[in-house]
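Chain by chain, the residues:
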Amino acid sequence: MTIPSVADLLANNRAWAERQTKQDPGFFKRLVSQQTPAYFWIGCSDSRVPANEIVGLDPGEMFVHRNVANLAPPQDANYLSTLQYAVQVLKVAHILVVGHYGCGGVLAALQNLRLGLIDHWLSPIRTLVRDNQAELLALPTEKAQHDRLCELNVIRQVENVATNPFVQEAWEKGADLTVHGWCYSLENGLVTDLDAQISQKEDVAAIRRLTRRV
Ligand code: CO
């Protein structure tokens, strides 16, 4: 694979903007005047998991937050700022927490590697390993453990989002808002719905039990 140069990227950009305008002359004008996405994506920074592309959405249709291992840590100002904006200003109808099988961040936590600052970031996943030790150890291979931990991590982050005060307040005010947990496969490009959605406060308890098996 040849690596495109920065000049190539700028040329690609010009070609893309021209194509968009040709296809839909009002495209950029509409986007300038307002942003009304119905979806908020919380995903991994991994370059192989491009949010809009995977689900076929155009610019303007999805608000996106990405970090290593798609975490929703209750004290992270970056995540909290995007979440508050998504819920209170954009009033999105769906929050998609999207992990991916083969996630390097999740593997580093599973193997308990010492890598530096990232160890602190990944510490919630090490807690998750301890909470689900029996289930993980019963799996036959490290790959199976890794894949399962990617799913458990998504479900735990769904719980984090659903217990967030902005989200809880939105539900109290009657907002139509659902948090979903998905896991994407790098091998075939397909998303698995982990069936861990929460659309009201009362759903949280059932989801909480899914990642606390000890
Ligand atoms: Co990842």
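Residues numbered from 1 in each chain as written. Predicted model: local features only at pLDDT ≥ 70, side-chain atom pairs only at ≥ 80, totals over all residues. Heavy atoms only, no water.

Visitor: Give a description of the overall build of the protein that names residues and reports values.
Guide: Along its length, the protein carries 11 helices and 5 strands. For the protein, whose C-alpha radius of gyration is 19 Å, the value lies close to the compact-globule estimate of 17 Å for 214 residues. Overall, the C-alpha framework of the protein stretches about 55 × 50 × 30 Å when taken along its three principal axes. Residues classed as buried in the protein amount to 41% of the 214 residues present. By sequence separation, contacts in the protein at least 24 residues apart represent 66% of the contacts at least 6 residues apart. (Helix = DSSP H or I, 4+ residues; strand = E, 2+ residues; numbered from the N terminus. Rg over C-alpha atoms; globule rule 2.2 N^0.38 Å. Buried < 20%, exposed > 50% of the residue type's maximum accessible area, 1.4 Å probe, protein only. Contact = heavy atoms within 4.5 Å.)

Visitor: Can you tell me about the environment of D58, naming the residues and giving the values?
Guide: Residue placement: D58 occurs in the loop between helix 3 (51-55) and strand 2 (62-67). The exposure class of D58 is partly exposed, given its relative accessible area of 40%. Linking D58 and K143, residues 85 residues apart in sequence, is a C-alpha distance of 34 Å.

Visitor: Got a sec to walk through the coordination of the cobalt ion? Specific residues and values, please.
Guide: Only C44 (SG), H100 (NE2) and C103 (SG) from the protein coordinate the cobalt ion, and they sit 2.0 to 2.3 Å from it. Linear spacing of the donor residues for the cobalt ion on their chain is C-x55-H-x2-C. Judged by relative accessible area, H100 falls into the buried class, the value being 1%. When its relative accessible area of 1% is taken as the criterion, C103 is described as buried. (Donors = N, O, S within 2.8 Å, 3.2 Å for Na, K, Ca; no water.)

Visitor: Can you lay out the sheet that holds strand 5 (residues 191-193) for me, pointing to particular residues and giving the numbers?
Guide: A sheet is described by the order of its strands in space; here 5 strands give the open sequence 2-1-3-4-5, paired in mixed fashion. In this open sheet, the two strands that pair with only one neighbour each are strand 2 and strand 5. In this sheet, adjacent strand axes meet at a mean angle of 25 degrees when their direction is disregarded. Examined bridge by bridge, strand 1 (residues 39-44) and strand 3 (residues 94-100) share 5 bridges and lie parallel to one another. The partner of W41 across the bridge, within strand 3, is L96. (Pairing = 2+ DSSP bridges. Axes fitted to C-alpha atoms, helices over the stretch in contact; angles between N-to-C directions.)

Visitor: I'd like a description of the pattern of salt bridges, backed by residues and values.
Guide: All told, the structure shown has 11 salt bridges when counted by the stated rule. Across the salt bridge formed by R30 and D24, the nearest N and O atoms sit 2.8 Å from each other. The closest approach of N and O atoms between K201 and E172, which form a salt bridge, is 2.5 Å. With K201 in the loop between strand 5 and helix 11 (204-210) and E172 in helix 10 (residues 165-172), this residue pair connects regions lying 29 residues apart in the sequence. Owing to a relative accessible area of 33%, K201 belongs among the partly exposed residues under this scheme. Because the salt bridges share partners, they merge into one network encompassing E135, R148 and E151. (Salt bridge = Lys/Arg side-chain N within 4 Å of Asp/Glu carboxyl O.)

Read these as spatial facts, not as claims about activity.
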